[in-house]
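Now for the letters of each chain:
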Amino acid sequence: MTARSSLTIVLAAGEGTRMRSSRPKVLQPVAGQSLLAHVLGACPKGAGAALAVVVGPDHRAVEEETRRLRPDAATYVQRERLGTAHAVLAAREAIARGADDLLVAFGDTPLISAATFERLRAPLKDGAALAVLGFQAADPTGYGRLLVEGGRLVAIREQADASPAERAIKLCNAGVMAFDGRRALEIIEKIGNANSKGEYYLTDVVAIVRDLGLEAVVIETSEDEVRGINTKAQLAEAEAVMQARLRQAAIEAGVTMIAPDTVFLAADTRFGRDVTIEPFVVIGPGVSISDGAVIHSFSHIVHSSIGKNALVGPFARLRPGTSLGDGAKIGNFVETKAATLEAGVKVNHLSYIGNTHVGEGTNIGAGTITCNYDGFSKHHTEIGKGAFIGTNSSLVAPVNIGNGAYIGSGSVITKDVPDDAMAVERGQQTNREGGAARFREMRMKAKAKTPKA
Ligand code: UD1
Ligand code: CA
């Protein structure tokens, strides 16, 4: 048996007015990825699986996001927003090619899984013309209701057109549908706009399929998988569902979390074995954490890779482009950005390390700052291996500190320091002769005056 071909159309042309945002709705983030990225991630992929995304006329950014995620996808512009069926027909040319299965999904339902798409396609193999994804809504307000008569799906009624009795129905349309690809165009083209909003509703396909004497079926899933995101409140709910899933998956994969509910992950976070994440850690996109690493509390990490057995935090901020070698240690109140710290490097307290490469085993003392920005551009700092940077030093980039070099505390380094050299730069230092002896004398006198307790 050969695998069935598919075309998936993702509708993403909506304005998202209810978001009250200048960003297109499908580009709003959940777990560090756009809503669209979540949906496209679940769509069928590989040989024989075509993808089309329908975007709004002023949504360049949505097209770019599509191209970044799925370079093989076609994008179609829906010039006027006349409803979900009208949006599907923006991709008419792709539908006309006649894949075995036509799938339609919405760009604003980010929690959908790949397995559900497959479940929805199954009835088509058995001859159904249409399969609709349904769910029992805790509060069905706003969703299309699935009307079932004698066990058969007969119509979908949109909220605005539903009677009070129909509004009481909790079985709702999730928005994802699978069509027999050879009949889909003929069915969708029959949809009119005689409803209270004057829109072309994709949901009318159910009644059309029934009138043609063909079979439409419902496949049910959980509400959490198909939450449609129209508002910022729903965006926050989706985030909560996604975070719970990500934490559970991480824990099942062997990550130790002491207080999972206080840890925030991104959809693409990667973990090795025996990683520990302490309470109150935020991990943004693009982070990988290798075996045995420990992330202490209150750390914030984005676009960084963390080596085996590395220790981070508490209170560390790893910004984009940070790479920590095996056994490296980043302590409290340390910020890194575009910095590669090789194996065994220690930056234990109160430092900023940016646009920097640090060789193996170097120790960077408290309060060290790489002065990488001169007000115009960023400059690189190179620090060799086995070097020692004394506390409260400023390394003014561009600058090279050699292997094994020793920088005295409080130095302001503006010139390169050769391998194994010692540099102490503290401006003018005055040594007062006999200063320590005078101090001791004064203390003895003060003690003699104070009666013993
Ligand atoms: C839709 C369904 C409803 C279902 C709900 C599930 C219709 C008519 N209604 O309602 O039955 O319960 O989703 O979440 O299908 N879009 C376009 N162009 C348009 C209109 C919409 O691309 O002209 C896109 C939107 O970007 C969005 C999707 O289609 O991704 C759904 O549109 P939306 O307006 O959110 O529909 P709902 O009112 O939520
Ligand atoms: Ca919606």
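The structure reproduced in this document is the subject of the present report. (Residues numbered from 1 in each chain as written. Chains lettered and ligands numbered in written order. Predicted model: local features only at pLDDT ≥ 70, side-chain atom pairs only at ≥ 80, totals over all residues. Heavy atoms only, no water.)

## Side note on the nonpolar core
Step number 1: Grouped together as the largest cluster of nonpolar side chains are 52 residues, with contacts concentrated most on Ile277, Ile289, Ile306, Leu341 and Ile401.
Step number 2: Put simply, the parts of the chain that give this core at least two residues each are helix H10 (232–252), strand S16 (281–283), strand S22 (316–318), strand S25 (334–341), strand S27 (352–358) and strand S33 (399–401).
Step number 3: Considering every element that reaches this core, the biggest residue donor is H10, with six residues.
Step number 4: If we skip the residues at most four places from it in the chain, Ile289 touches Arg270, Phe271, Gly272, Val275, Ile277, Ile283, Ile295 and Ile306.
Step number 5: By size, the runner-up hydrophobic cluster in this structure holds 38 residues, among which are Leu11, Val132, Ile156 and Val209. (Core = buried A, V, L, I, M, F, W, Y, C linked by side-chain atoms within 4.5 Å. Buried < 20%, exposed > 50% of the residue type's maximum accessible area, 1.4 Å probe, protein only. Helix = DSSP H or I, 4+ residues; strand = E, 2+ residues; numbered from the N terminus. Contact = heavy atoms within 4.5 Å.)

## Quick word on the site of ligand 1
Step number 1: Around ligand 1 there are 22 residues in total, and Gly14, Gln78, Thr84, Glu158 and Asn173 lie nearest to it.
Step number 2: Within the backbone of Gly83, an N or O atom sits 2.9 Å from an oxygen atom of ligand 1.
Step number 3: Interatomic distance of 3.3 Å between a side-chain N/O atom of Asp108 and an oxygen atom of ligand 1.
Step number 4: Relative to its free-state accessible area of 760 Å², ligand 1 is covered by the protein chains to the extent of 89%.
Step number 5: Of all the secondary structure elements, the ones that give two or more residues to the shell around ligand 1 are strand S1 (6–12), helix H3 (84–89) and strand S10 (171–180). (Near = heavy atom within 4 Å. Polar contact = N/O pair within 3.5 Å; in protein donor to acceptor, adjacent residues only side chain to side chain. Areas by Shrake-Rupley, 256 points an atom, 1.4 Å probe, with all protein chains shown as cover.)

## So, the coordination of the calcium ion (ligand 2)
Step number 1: The coordination sphere of the calcium ion (ligand 2) contains the protein donors Asp108 (OD) and Asn230 (OD1), at a distance range of 2.6 to 2.7 Å. Of this pair, Asp108 sits in the loop between strand S6 (101–106) and helix H5 (114–125) while Asn230 is found in the loop between helix H9 (223–226) and H10, placing the two residues 122 residues apart along the sequence. With respect to burial, Asp108 and Asn230 carry one shared label: buried. (Donors = N, O, S within 2.8 Å, 3.2 Å for Na, K, Ca; no water.)

## Some thoughts on H10
Step number 1: The end-to-end C-alpha separation of H10 is 30 Å, in line with the 30 Å expected for 21 residues at 1.5 Å each.
Step number 2: Packing partners of the buried residues in H10 comprise strand S2 (29–30), helix H1 (35–42), H9, strand S12 (256–257), strand S13 (263–264) and strand S14 (270–271).
Step number 3: Phi turns positive one or two residues past the end of H10, at Gly254, with a value near 105°. (Expected span 1.5 Å × (residues − 1).)

## Considerations on the packing of H1 against helix H2 (residues 60–69)
Step number 1: Across the interface, H1 lies against H2 with an axial gap of 10 Å and an inter-helix angle of 40°. Two packed elements cross with a definite hand, and for H1 against H2 that hand is right-handed. Contacts between H1 and H2 involve Leu36, Ala37 and Leu40 on the former and, on the latter, Val62, Glu65, Thr66 and Leu69.
Step number 2: Of the residues belonging to the contact of H1 with H2, the class tally is five nonpolar, one polar and one charged. (Axes fitted to C-alpha atoms, helices over the stretch in contact; angles between N-to-C directions. Left-handed = near helix turned anticlockwise from the far one by under 90°. Nonpolar A, V, L, I, M, F, W, Y, C, P; charged D, E, K, R; others polar.)

## Some points on the side chain of Thr362
Step number 1: Its location among the elements puts Thr362 in the loop between S27 and strand S28 (363–364).
Step number 2: Separated by 2.7 Å, the side chain of Thr362 and the backbone oxygen of Gly384 make a polar contact.
Step number 3: Look past the residues within four positions of Thr362 in its chain and what remains in contact with it is Gly344, Val345, Lys346, Ile383, Gly384, Lys385, Gly386 and Ala387.

## Focus: the sheet that holds strand S18 (residues 294–295)
Step number 1: Taken in spatial order, the ten strands of this open sheet run S12-S15-S18-S21-S24-S26-S28-S31-S34-S36, and their pairing is parallel. A strand with exactly one partner marks an edge of an open sheet, and here the two such strands are S12 and strand S36 (422–423).
Step number 2: With two bridges joining them, strand S26 (residues 346–349) and S28 adopt parallel strand pairing. For Lys346, the partnering residue across the bridge sits in S28 and is Asn363. (Pairing = 2+ DSSP bridges.)

## Regarding the environment of Pro24
Step number 1: Residue placement: Pro24 occurs in the loop between S1 and S2.
Step number 2: Classification of Pro24 by relative accessible area gives buried; the value is 14%.
Step number 3: It is 8.8 Å that separates the C-alpha atoms of Pro24 and Ala12, two residues lying twelve residues apart in sequence.
Step number 4: What Pro24 contacts, discounting residues up to four positions off in sequence, is His59 and Val62.

Taken by themselves, the reported measurements are silent on function.
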